[in-house]
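So the chains spell out like this:
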Amino acid sequence: MAPLQVYYSGLLFTPGSSLIRMGYLKNIPWVTMEPKVADVWSSLIQTLEGHAWYVTSAVFSPDGQLVASASCDKTVRLWDTSTGKQCGVLEGHTGAINSAEFSPNGKLIASASLDNTVRLWDISTRKQYRVLEGHIGSVNSAVFSPDGKLVASASRDQTVRLWDTSIAKQCAVLDGHTSDINSAVFSPNGQLVASASSDNTVRLWDTSTGKQCGVLEGHTSYVNSAVFSPDGKLVASASKDRTVILWDSSTGNQRGVLEGHTQAVNSAVFSRDGKFVASTSMGNTVRLWDTSTGMQCGVLKGHTRTVNSAVFSPNGKLVVSASEDKTVRLWDTSTGKQCGILEGHTHHAKSAVFSPNGKLVASASLDETVRLWDTSTGKQYGVFEGHTSLVNSAVFSPNGTLVASASSDKTVRLWDTSTGKQCGVLKGHTNWVKSAVFSSDGKLVASASFDKTVRLWDTSTGKQCGVLEDHTDWVRSAVFAPDGKVVASASLDNTVRLWDTSTGKQCGVLEGHTSDINSAVFSPNGQLVASASSDNTVRLWDTSTGKQCGVLEGHTSYVNSAVFSPDGKLVVSASDDKTVRLWDTSTRKQCGVLEGHTDSVNSAEFSPDGNLVASASEDQTVRLWDTRNTTTIEIIKTHPCVNIIKFSNDGTYLHTSHGILQFKSSLHSNGNQEQPHTLTHSLYVTDQWITCNMKKLLWLPVEYRLSCSAINDTANLIVIGSPSGRVTFISIDFTTLPAAYLQPSVQAAVIAGKGFLRLVGC
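Structural notes, computed from the coordinates. Here the structure is a predicted model, which means the values were calculated and not measured. (Residues numbered from 1 in each chain as written. Predicted model: local features only at pLDDT ≥ 70, side-chain atom pairs only at ≥ 80, totals over all residues. Heavy atoms only, no water.)

Description of the environment of Leu 360
Reasoning step 1: Relative to the helices and strands, Leu 360 resides in strand E32 (residues 360–365).
Reasoning step 2: Spatially, the C-alpha atoms of Leu 360 and Arg 371 are 10.0 Å apart, while their sequence positions differ by 11 residues.
Reasoning step 3: Dropping the residues within four chain positions of it, Leu 360 is found in contact with Ile 45, Phe 60, Thr 81, Val 353, Phe 354, Ser 355, Trp 373 and Thr 375. (Helix = DSSP H or I, 4+ residues; strand = E, 2+ residues; numbered from the N terminus. Contact = heavy atoms within 4.5 Å.)

Some remarks on the pairing of strand E13 (residues 159–164)
Reasoning step 1: Most of E13 sits out of view: five of its six residues are buried.
Reasoning step 2: From the end of strand E12 (residues 150–155) to the start of E13, which pair antiparallel, there are three residues, and Gln 158 there has a positive phi angle of about 75 degrees.
Reasoning step 3: With six bridges joining them, E13 and strand E14 (residues 169–175) adopt antiparallel strand pairing. For Val 160, the partnering residue across the bridge sits in E14 and is Leu 174.
Reasoning step 4: Hairpin connection between E13 and E14: a loop of four residues separates the two successive antiparallel strands, and Ala 168 in this loop has a positive phi of roughly 60 degrees. (Buried < 20%, exposed > 50% of the residue type's maximum accessible area, 1.4 Å probe, protein only. Pairing = 2+ DSSP bridges.)

Considering unusual backbone geometry
Reasoning step 1: Look at Lys 410: it is not a glycine, yet its phi comes out positive at around 80 degrees.
Reasoning step 2: Judged by relative accessible area, which is 37%, Lys 410 ranks as partly exposed.
Reasoning step 3: Located in the positive-phi region is Lys 452, a residue other than glycine, with phi close to 80 degrees.
Reasoning step 4: By the element assignment, Lys 452 lies in the loop between strand E39 (444–449) and strand E40 (453–458).
Reasoning step 5: Overall, the relative accessible area of 37% leaves Lys 452 in the partly exposed class.

A word on the sheet that holds strand E37 (residues 421–427)
Reasoning step 1: Pairing is antiparallel across the open sheet formed by four strands, whose spatial order is E34-E35-E36-E37. Because the sheet does not close on itself, it has two edges, and the strands there are strand E34 (391–396) and E37. Shown here is a sheet whose adjacent strand axes are inclined to one another by a mean of 20 degrees, direction ignored.
Reasoning step 2: Bridge count for strand E36 (residues 411–416) against E37 is six bridges, and the pairing is antiparallel. What sits directly across from Asp 416, in E37, is Lys 421. (Axes fitted to C-alpha atoms, helices over the stretch in contact; angles between N-to-C directions.)

Considerations on the pattern of salt bridges
Close approach of charged atoms lets side chains of opposite charge pair.
Reasoning step 1: The final tally for this structure, using the stated rule, is 17 salt bridges.
Reasoning step 2: With a shortest N-O distance of 3.6 Å, Asp 115 and Arg 119 are connected by a salt bridge.
Reasoning step 3: The salt bridge partner of Glu 703 is Arg 371, with a shortest N-O separation of 3.1 Å. Residue Glu 703 is located in the loop between strand E63 (695–699) and strand E64 (708–712), and its partner Arg 371 is located in strand E33 (residues 369–374); the two are separated by 332 residues in the primary sequence. In terms of burial, Glu 703 and Arg 371 fall into one category: buried.
Reasoning step 4: One network of salt bridges, in which partners are shared, links Asp 367, Arg 371 and Glu 703. (Salt bridge = Lys/Arg side-chain N within 4 Å of Asp/Glu carboxyl O.)

A look at the pairing of strand E65 (residues 717–721)
Reasoning step 1: Counting buried positions over the five residues of E65 gives five, a clear majority of the element.
Reasoning step 2: A two-sided burial pattern is seen for E65, the buried positions comprising Leu 717, Val 719 and Gly 721 on one face and Ile 718 and Ile 720 on the other.
Reasoning step 3: The sheet contact formed by E64 and E65 spans five bridges and is antiparallel. The partner of Ile 711 across the bridge, within E65, is Ile 718.
Reasoning step 4: Hairpin geometry of E64 and E65 is characterised by an intervening segment of four residues between the two adjacent antiparallel strands and by a positive phi of about 55 degrees at Asn 716.
Reasoning step 5: The pairing of E65 with strand E66 (residues 727–732) spans five bridges and is classified as antiparallel. The residue of E66 that forms the bridge with Gly 721 is Val 727.
Reasoning step 6: Linkage of E65 to E66, two consecutive antiparallel strands, is achieved through a turn of five residues, within which Gly 725 is found at a positive phi near 105 degrees.

Some thoughts on the side chain of His 555
Reasoning step 1: Relative to the assigned elements, His 555 resides in the loop between strand E49 (548–553) and strand E50 (559–564).
Reasoning step 2: We classify His 555 as buried; its relative accessible area is 6%.
Reasoning step 3: A distance of 3.0 Å separates the side chain of His 555 from the side chain of Asp 577, its partner in a polar contact.
Reasoning step 4: For His 555, the side chain forms a polar contact with the side chain of Arg 581, separated by 3.2 Å.
Reasoning step 5: Beyond its immediate sequence surroundings of up to four residues, His 555 is in contact with Asn 536, Ser 573, Ser 575, Asp 577, Thr 579, Arg 581 and Trp 583. (Polar contact = N/O pair within 3.5 Å; in protein donor to acceptor, adjacent residues only side chain to side chain.)

Here we look at the nonpolar core
Reasoning step 1: Ranked by internal contacts, the top residues of the largest apolar core, which has 28 residues, are Trp 30, Leu 683, Ile 690, Leu 697 and Ile 732.
Reasoning step 2: Contributions of two or more residues to this core are made by helix H1 (3–13), strand E61 (683–685), strand E62 (689–692), E63, E65 and E66.
Reasoning step 3: Among the elements that line this core, the one with the most residues is H1, at four residues.
Reasoning step 4: When sequence neighbours within four positions are dropped, the list of residues in contact with Trp 30 reads Tyr 8, Leu 697, Leu 698, Ser 731, Ile 732, Asp 733, Thr 736 and Leu 737.
Reasoning step 5: Counting residues in each nonpolar core, the second largest holds 14 residues, with Ala 616, Ile 633, Leu 654 and Leu 661 among its members. (Core = buried A, V, L, I, M, F, W, Y, C linked by side-chain atoms within 4.5 Å.)

Some points on the packing of aromatic side chains
Reasoning step 1: Going through the model one piece at a time under the given rule, you end up with seven aromatic pairs.
Reasoning step 2: Residues Trp 415 and Phe 729 carry aromatic rings whose centres are separated by 6.1 Å and whose planes lie at 50 degrees to one another, so their mutual orientation is tilted. With Trp 415 in strand E36 and Phe 729 in strand E66, this pair connects stretches of sequence that are 314 residues apart.
Reasoning step 3: We classify Trp 415 as buried; its relative accessible area is 1%.
Reasoning step 4: Residue Phe 729 is classed as buried on the basis of its relative accessible area of 4%.
Reasoning step 5: Pairing Trp 432 with Phe 450 gives two aromatic rings, centres 5.8 Å apart and planes at 35 degrees, and the pair type is tilted. Of this pair, Trp 432 sits in the loop between E37 and strand E38 (433–438) while Phe 450 is found in the loop between E39 and E40, placing the two residues 18 residues apart along the sequence.
Reasoning step 6: Directly above the ring of Tyr 129 sits Arg 130, whose terminal nitrogen or CZ lies 4.7 Å from the centroid.
Reasoning step 7: Geometry around Tyr 704 places Arg 726 over its ring, the cationic atom sitting 4.7 Å from the centre. (Phe/Tyr/Trp six-rings, centres within 6.5 Å; stacked < 30°, edge-to-face > 60°. Lys NZ or Arg CZ within 6 Å of the ring centre and 35° of its normal.)

What follows is the structure, given as structure tokens:
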């Protein structure tokens, strides 16, 4: 679809030591600031994209040629491991899918879903083979018996059900647990099923009769999983009580309690020879245990968050673990040492499994991808300078020389826009930093955090110069008054608080809202604050007294933002009720309802002359409105949806959270005349592309995708914050771009009340 642009991306984003990059990068003259990249290739072979929501599990087919991934998007997808291409989408579930499993002969897949069903799929036709209905609660897992003739499904309805795969009929209901059943598994000979439950027990069942033949009691909290040893003689159960217990499957007696974890144990798995157990914990560790002695023989430390799963390689020499710290790690079982960090996921890694030959690992993540890794290299991709978690916001300083980025890694970082180098790490917050904003003179940064504080930072030294604390819940945003002397902070504690920036002292508590406050903003003269709340109202406050001086009521759902017009006479509010509303600040009355969006409206903004309003919605459009007659002037289709918008100084285009959007029509304050465009280009970031005038310019690899962005239109500089924590700077020299990029795309502009479509460009 865009081979040249993809080729350019291949040059720009490959590691620094790549021969291709070193030999051919000079052929992209229009990129004047290149993104920072790792030095060497990683173990990552393929990133399998296609799911539209969290991927909950991934599993190899018995011959290793396919991967099946289960997702909360209600699909199972099949992938060719040799090419990474999607080769099947299994659709039919009406709820999120918790797991997918191949039959032993690789001809069927069983999927378990929140829609209370298990579905069987024929691999050869990619069609649904049977729907197994009977559960009255969501199904947590479904597994095949070793001979493939049965499926066992574990459900929140407190039962395990057995199904005959040849006729797709229920052949037994294993009833006895008194709480949710988290997993069920067959013994190697298929004669038993072990079920793990939140009733603190594991139960054993005879598959031929459906009768309970053992209750394994001893845990003091939820049992998350249970698994048989390869010879079927032992069962290992992992529990929230921080232990793994080994049980004799024939007698039901305890054979050992494996103690050492400091938090809940999520899973336990036997090595292929049955000599070892690996267990994973919310305490960030994997532990190895000798099954003959019950002694701990290794603590695998390195993960920084909960470890969700661990499995042995087929030859037992490695363990692979998947963690909420977004990494997959390889461990040498003989030494207990880490021998590889597989980095690249931008959200929790839910599970990781080896291919049948042990040469590949497939990992499933909440970042909506499955990734394939080469276990022979285990290389770390390289350390890049930047955040270590999601970048929530990025903003330029008023003079454009700095960018401040706020992250879930609890820091704000300052970047020099001329070099793209980090020039300050602002540390002090103890929880996620939601946003950061510069004062009007650029000397201060205010950061708002989920640690319930706002912090002030000196941009010249990077030193903290104030901790504004008194909020009793998360702070969502902070904003400076026009003169920079006061900061207003909006919090989930239903208050806005005013702070003196010179002393750090609280100088006002604006109380009255009955739900979360989503934003607060000063009037142009600084005498009022408008606050938008989930209580469906906007409230006006006098900053000198801290008193409420107006309640703007009319919205029927959460109000996401409110801003003043340039002259301070109006307020515009954006709401989840799909409307934008105009309010007169002197009378406190509603003076306009702007209707047309088909989904929640995230934000709205006045043009510099106050005659226009732009609104951005979850319906993936930005609308331009005339405030004098409340009509739609233009509709711009965006992808993905935009949540921040701000007019340029001349009112002819918008700065958004994804880049620049140009209008095809604008109005002077003195009548229906078109304004001349001062911008010949507009950089915008979609889900995978940097575009120029809506034409694809540069493809973005997964690691460089956008969670937030900032554009400096005068310097032609785009800054992209990513879920991985990267902050990427790319500068474009438009004088060297092909002429086609400098001509606006042909787009239809809907002009309300004029009855025609106007085409711009050629």
